[in-house]
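In case you want the letters, here they are:
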There are 2 protein chains.
Amino acid sequence: MSEHENGWERSGKQPGQDRRGFLKASGSAMALGGITALAVGMLSATAAREKKPVSAKPRIARKQVILFQGDSITDAGRSRDRASVANDQGGLGSGYAAMAGVGLLLDHPGYELAIYNRGISGHKVFQLAERWEEDCLKLRPGLLSILIGVNDFWHTLGGGYKGTVETYERDYRALVQRTIDALPGVALVICEPFALRAGAVNDKWFPEFDKYRAASRRVADEFQALFVPYQLAFDRALKHAPADYWAKDGVHPSAAGAALMAHTWHAYVEHGGPR
Amino acid sequence: MSEHENGWERSGKQPGQDRRGFLKASGSAMALGGITALAVGMLSATAAREKKPVSAKPRIARKQVILFQGDSITDAGRSRDRASVANDQGGLGSGYAAMAGVGLLLDHPGYELAIYNRGISGHKVFQLAERWEEDCLKLRPGLLSILIGVNDFWHTLGGGYKGTVETYERDYRALVQRTIDALPGVALVICEPFALRAGAVNDKWFPEFDKYRAASRRVADEFQALFVPYQLAFDRALKHAPADYWAKDGVHPSAAGAALMAHTWHAYVEHGGPR
């Protein structure tokens, strides 16, 4: 699959150089959270660790459908009644997806973007697959952002779920392949599942949970999706405030945690990585 | 009243120069929306029109209580059950107050800020006054942001409300004086009521509604509060997308409109004006 086919363009352009319309003069359209030193440091460290160029850049295009998919972290109390209304405050919920989404709406007012959230609490990859036709493919997203995996591990701890990290990776790969087959031009964003040592997250989680994070990165790399390294974002944020500031139970982000996620998402999706 | 007493400091410092902690290295901590060309143009035009220095700067302080007050635009579907939980995604609602609030949480992770929203749909100034003890003074905000006035006018159009712009200004002035008497150190943000010619907003609104906007500015000036010029922000945004993109009924902002408001709020409150 060529880079073109999966909807990303790689180029040597400066940030903002290929922006159109009213953003052209600025080239600095950050969404929620903006360029804090925290974020700058975080992203620079990410670039160093990744040891690869970070020029992957999605195409935010006119009349594009943008879909956020995932579990409770994406769901974030969204209204089911409003799920089919694009750009709706109720339908987008109150988490990172809403915050990242409204940032796109503010940055691209002339683009007529249609942003949806279809995350559902408790879901694992196989449950996304079960509702993929209705909750993804039918919407025909031009940009699809997925955050999935914490339940694929968590529910094995007394939840009766028998899946393994191999199940997760195999199912995830199949889901992405199916998506690309149905939507050849889709730009894919794969967000890393994360956990903070607080609340429900204890020693039982490690190192097993780390394997799920690594699997999500392999899937992203395999399909040349843009990978958003949320674990690193939270690990660095923990140097500035304790875990319960970012995610009280270690899994579900607080308002501050969701803002950090939205900021990080924008840094990667709007600017292709650290800037 | 001195500038110190109402909680603002005016200085010739560069943006970020007096920031503390992890933001020091950046000096560019925008919240939602960031520095778009739209915003840059908007704020520069505001500065030109205001013909005054824009160095007023609130004190965002450690352990500060920050309160958003107003009508439905502030309310934005917030959970009443969660109203007393600081920094809560449900309690903050899904409007500009939530978006501006989470930006503060991201920009100041070490500050232990406590952010509340107590806006109530349909309210006018006198209704804020009726619940002010419980919904403002008892919380002892260090920074108080008020957006009120659209209903003070709107409800006179067939709603049976008999108040005038003089009622609005007199009540508003009394409310602010009462607040400062009870909380001498409070930093005040007075947000301009606004209306877009769309939906419920027709020719009947003008020029009478403009008088309410002017009154809110007089109250802000009188008490040296920071004034957030929302009408200008929306007027300029209308050059980039039609009214229903920003506020379908002309009064209640869409997700994009709320993002614009949060961005504008941060530009003024975090940076004292255009940058």
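Owing to the predicted nature of the structure, the values given are computational and were not obtained by experimental measurement.

Chemist: Now, about the side chain of His-123 of chain A: what can you tell me, with residues and values included?
Modeler: Note on placement: His-123 of chain A falls in the loop between strand S4 (114–117) and helix H5 (125–130). Setting aside residues up to four positions removed in sequence, His-123 of chain A forms contacts with Gly-70, Asp-71, Leu-128, Arg-131, Ile-148 and Asn-151 of chain A.

Chemist: Tell me what's going on with the packing of helix H8 (residues 165–182) of chain A against helix H9 (residues 208–222) of chain A, and back it up with residues and numbers.
Modeler: All names here are of chain A. Between H8 and H9, whose axes approach to 10 Å, the crossing angle comes to 25°. One way to sum up the angle between H8 and H9 is to call them roughly parallel. The crossing of H8 and H9 is right-handed. Across from Val-165, Tyr-168, Glu-169, Tyr-172, Arg-173 and Val-176 in H8, the residues of H9 making contact are Glu-208, Lys-211, Tyr-212, Ala-215, Ser-216, Arg-218, Val-219 and Glu-222.

Chemist: A description of helix H12 (residues 255–269) of chain B should follow, citing residues and the corresponding values.
Modeler: The end-to-end C-alpha distance of H12 of chain B, which contains 15 residues, comes to 21 Å, matching closely the 21 Å that a straight helix rising 1.5 Å per residue would cover. With respect to burial, H12 of chain B is a largely interior element, 15 of its 15 residues being buried.

Chemist: Explain helix H8 (residues 165–182) of chain B to me, using residue names and the numbers behind them.
Modeler: Compared with the 26 Å implied by 1.5 Å per residue over 18 residues, the 26 Å span of H8 of chain B between its first and last C-alpha is a close match. Here the buried face of H8 of chain B lies against helix H5 (125–130), helix H6 (132–135), strand S5 (143–147), helix H7 (150–154), strand S6 (187–191) and helix H9 (208–222) of chain B.

Chemist: Can you tell me about the packing of helix H4 (residues 96–107) of chain A against H12 of chain B, naming the residues and giving the values?
Modeler: Taken N-terminus to C-terminus, the directions of H4 of chain A and H12 of chain B make an angle of 85°; their axes are 8 Å apart at the nearest point. Classified by the interaxial angle, the pair formed by H4 of chain A and H12 of chain B is roughly perpendicular. Contacts from Val-102, Leu-105 and Leu-106 of chain A in H4 of chain A reach Ala-255, Ala-256, Ala-259, Leu-260 and His-263 of chain B in H12 of chain B. Residue composition of the contact of H4 of chain A with H12 of chain B, by class: 7 nonpolar, 1 polar and no charged.

Chemist: Before we move on, could you go through the packing of aromatic side chains and cite the residues and values that matter?
Modeler: Throughout the structure, instances matching the rule amount to 29 aromatic pairs over all chains. Residues Tyr-96 of chain B and Tyr-230 of chain B carry aromatic rings whose centres are separated by 6.3 Å and whose planes lie at 70° to one another, so their mutual orientation is edge-to-face. On the criterion of sequence distance, the pair formed by Tyr-96 of chain B in helix H4 (residues 96–107) and Tyr-230 of chain B in helix H10 (residues 230–237) is long-range, its members being 134 residues apart. A relative accessible area of 1% means that Tyr-96 of chain B is categorised as buried. One aromatic cluster in this structure is built from Phe-153, Trp-154, Tyr-168, Tyr-172, Trp-205, Phe-206, Phe-209 and Tyr-212 of chain A. Lys-124 of chain A extends its terminal NZ or CZ atom over the ring of Tyr-161 of chain A, reaching a point 4.9 Å from the ring centre.

Parameters and conventions
- Residues numbered from 1 in each chain as written.
- Chains lettered and ligands numbered in written order.
- Predicted model: local features only at pLDDT ≥ 70, side-chain atom pairs only at ≥ 80, totals over all residues.
- Heavy atoms only, no water.
- Helix = DSSP H or I, 4+ residues; strand = E, 2+ residues; numbered from the N terminus.
- Contact = heavy atoms within 4.5 Å.
- Axes fitted to C-alpha atoms, helices over the stretch in contact; angles between N-to-C directions.
- Parallel < 35°, antiparallel > 145°, perpendicular 65-115°, else oblique.
- Left-handed = near helix turned anticlockwise from the far one by under 90°.
- Expected span 1.5 Å × (residues − 1).
- Buried < 20%, exposed > 50% of the residue type's maximum accessible area, 1.4 Å probe, protein only.
- Nonpolar A, V, L, I, M, F, W, Y, C, P; charged D, E, K, R; others polar.
- Phe/Tyr/Trp six-rings, centres within 6.5 Å; stacked < 30°, edge-to-face > 60°.
- Lys NZ or Arg CZ within 6 Å of the ring centre and 35° of its normal.

On their own, these measurements won't tell you what the molecule is for.
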